[in-house]
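# Overview (structure and organization)
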Amino acid sequence: MAVRVCCRGNRVALHMLSRSLSHSSVSVETLSELDSHTHTPFSRSAIGTFFQERPLLTNPFTQDALLRAYLQRHLAERGVQEELERFGERVVCEVEALGRRCELEPPVLQRYDPWGRRRDRILTCDAWAHLRRISAHEGLVAAAYERTYGDWSRVYQMSKMYLFAPSAGLYTCPLAMTDGAAKVIETLGMPARKAFERLTTRDDKRFWTSGQWMTERRGGSDVSSGTETVAKRQQDGWFKLYGFKWFTSATDADMTLTLARVTDENGRTTPGSRGLSLFLAEVWDSDGSSNGIEVQRLKDKLGTRQVPTAELLLDGMNARLLSEEGRGVASIANMLTITRIYNTVCAVAAMRRIVHLSREYACKRSVFGKLLKDHALHVQTLSRMEVETRAAFLLTMEVCRLLGREENRSASERETLLLRLMTPVAKLYTAKQAVSVVSEGLESFGGQGYIEDTGLPSILRDAQVLSIWEGTTNVLSLDVLRSIAKSSGLVLQAFCSDVQERLLPAESSPALRPALTSLRAALAALMRFCEAAAARPAGAMELSARDLAYSLARVYMGALLLDHASWEHATHTDVYTALRWCDQDLCPVVSRDAAGCFDSQTTAMDSALVYDGLKL
Ligand code: MFK
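So, here is what we can say about the structure in this document. (Residues numbered from 1 in each chain as written. Predicted model: local features only at pLDDT ≥ 70, side-chain atom pairs only at ≥ 80, totals over all residues. Heavy atoms only, no water.)

Our focus in this paragraph is the overall build of the chain. Looking only at helices and strands, one finds 21 helices and 15 strands in the chain. For a compact globule of 616 residues, the expected C-alpha radius of gyration is about 25 Å, and the chain comes in at 28 Å, within 12% of that figure. Each principal axis of the C-alpha distribution contributes one length, and for the chain these read about 90 × 75 × 65 Å. Looking at the 616 residues of the chain, the share that counts as buried comes to 53%. Excluding contacts between residues fewer than 6 apart, the proportion of contacts in the chain whose partners are at least 24 apart in sequence is 74%. With the model as given, the accessible surface of the chain reaches about 28500 Å², and the carbon-plus-sulfur share is 52%. Separation of charge centres in the chain, based on 75 positive and 73 negative side chains, amounts to 2 Å. (Helix = DSSP H or I, 4+ residues; strand = E, 2+ residues; numbered from the N terminus. Rg over C-alpha atoms; globule rule 2.2 N^0.38 Å. Buried < 20%, exposed > 50% of the residue type's maximum accessible area, 1.4 Å probe, protein only. Contact = heavy atoms within 4.5 Å. Areas by Shrake-Rupley, 256 points an atom, 1.4 Å probe, with all protein chains shown as cover. Lys, Arg positive; Asp, Glu negative; His and termini not counted. Charge placed at Lys NZ, Arg CZ, Asp CG, Glu CD.)

This is how it looks when you write it as structure tokens:
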């Protein structure tokens, strides 16, 4: 092998010539000597002339057939499509670059002022501030509370969020908590009207974002026993909070909602959930100093690097009591409903984005003599991603629709029950889908999907958090059980009758028959399982919780796909999607039960398997 270095001014080109493997040499030549190599590959350039085409991001509204069809069906004649098309253009031309800058210029913690005085400040980049302004102007939170579209206001707002999310550098995180805080205040009867107005304004100068500080060092799932923060009542009726918050997201927020235990005159607190109350605090004073808060450090995370996530010591933070004393968890649950729905929207949006880029790339990338889009195996993989994305989209929009109807006071009892049941189901299931679909999507770019500055890896990193924050998959599966127990099974009855009704129009379509048959069988099996499970010990129910939640998700998504495919303007593609979705095991809780997975001896076997080889 010979390596030759040629010089012309500052230009240096390295030429790797595979002449001989037996000896290598380095020589310096002038360009004129190289003229004889004009036709040699790589002779004039360091890297040759072939470059891979990058996938182009185009208007996410116009390229999304299902979103457009869904809106045409439900929100047709109200100028919504034009507005979303305009916003989609803004996402591509403006938001995308801002989001990318937030990834490249992550927040930093400044602890001291130039004269050595402790003064914690979280510094975020200009792009983050710009996204805040855009969010306010576009009414990304406000639209939900203006209720311009009545029952459909949430669908409208979340359609916008869905377009915004994959480009927005995780600005959806503060927006989720802001929306959640507004929802809590509204539900509690407006005890903090001024804060509510700021959270829901379109005026960027007045717009506030909110945090949601729930997680402490003892853990984020078991909030009732893990919360150590205490609240000491002051003479003016306000409280001073003392505690340590272990994860606080988007800590640059203007205000926050947080949980603490009110102390009695002897300094004692009530343990458990009954001892927790909900507080509202402004995070920063008017001079920019913090409200009795020390920022211990910013977290070093796998993804969501755009978002300042901090550990906070609350050392006398002034706060006002928002809920009744002891009703903290029940009150903040309204916020969790909203943030879990945002999580769902962001999960689907991430899936849609990767599918968008993957299919675009497949039209440009040629391999083995033809474009990727002409390789049937590659297209099969993309179509499976598309099926997952469509099912997730319809479930997400249905949950948003239910939320909108509840907020517009038009929800029936069945719809209210369904919202309670399907919020955790949608959150947990779409989060898992997002990780899987985005991971598959990265693979569709080959090695380029693994290269940082393509921007692709950050989509996967950011998707990974979706199954963790706002409750892990298992915590949410237990929340599904909680909703069943609390309603004495009424949520399941609502589920069953809703699915049955949705399937009726599909009866007149021969093309949909195989999917309809599978879905009806799955629903019947699921309901039989639930009836039998009521007689089982609580431990067995808990063991089946995840598979039960997955079954509810798959059956409901199937029903929504069939419903959509039965619409008068449905396409062959809609029918095909429903058929493909119903190909799978729609009811894993029943198949796992049949395999003995929830039997009493299973826990011991699982434990023996997991700890095999480890001395306990
Ligand atoms: C892109 C998206 C961006 C999102 C960004 C957000 C960033 C923020 C990051 C975070 O903060 S992540 C941390 C989020 N933390 C969690 O999600 C907590 C996870 N743990 C749970 O959800 C537990 O299940 C829970 C804390 C709720 C358990 O608490 P408890 O006290 O053991 O619950 P309990 O005793 O069963 O219920 C207390 C009350 O709350 C009951 O009301 P009642 O007193 O009236 O009976 C319950 O019905 C009610 N409740 C609980 N969960 C509910 C609920 N109500 C409605 N919906 C729910 N999901």
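Two elements, strand S9 (residues 239-248) and strand S13 (residues 310-321), share 8 bridges in a ladder whose sense is antiparallel. Each bridged residue has a counterpart across the sheet, and for Leu-241 the counterpart in S13 is Met-317. Here 2 bridges tie strand S11 (residues 276-282) to S13, and the two strands are oriented antiparallel to one another. Paired with Leu-280 across the bridge in S13 is Arg-320. Pairing of strand S12 (residues 293-298) with S13 involves 5 bridges; the strand directions are antiparallel. Considered in S13, the bridge of Leu-298 is made with Ala-310. (Pairing = 2+ DSSP bridges.)

What follows covers helix H15 (residues 490-503). Each α-helix turn comprises 3.6 residues. Residues three or four places apart therefore point the same way. Taking 1.5 Å of rise per residue, 14 residues should cover 20 Å, and H15 covers 20 Å from first to last C-alpha, within 8% of that figure. Burial in H15 covers these residues: Val-491, Leu-492, Ala-494, Phe-495, Cys-496, Asp-498, Val-499, Arg-502 and Leu-503. Close packing links the buried residues of H15 with helix H11 (376-407), helix H12 (413-443), helix H14 (473-486), helix H16 (513-533) and helix H18 (545-565). (Expected span 1.5 Å × (residues − 1).)

Two quantities define a packed helix pair, namely the angle between the helix axes and the distance between the axes. One can describe the packing of H12 onto helix H13 (residues 456-464) by two numbers: an axis separation of 9 Å at closest approach and a directional angle of 165°. As judged from the angle between their axes, H12 and H13 are roughly antiparallel. Of the two elements, H12 crosses H13, and the hand of that crossing is left-handed. Between H12 and H13, the residues in contact are Ala-434, Val-435, Val-438, Ser-439 and Leu-442 and Leu-456, Pro-457, Ile-459, Leu-460, Ala-463 and Gln-464, respectively. Taken together, the residues that form the contact of H12 with H13 break down as 9 nonpolar, 2 polar and no charged. (Axes fitted to C-alpha atoms, helices over the stretch in contact; angles between N-to-C directions. Parallel < 35°, antiparallel > 145°, perpendicular 65-115°, else oblique. Left-handed = near helix turned anticlockwise from the far one by under 90°. Nonpolar A, V, L, I, M, F, W, Y, C, P; charged D, E, K, R; others polar.)

Attention shifts here to the environment of Arg-405. Looking at where Arg-405 falls in the secondary structure, it is placed in helix H11. In this structure, the C-alpha to C-alpha distance between Arg-405 and Leu-419, residues 14 residues apart in sequence, is 9.9 Å. Contacts of Arg-405, omitting those with residues within four sequence positions, involve Asp-151, Ser-410, Ala-411 and Glu-415.

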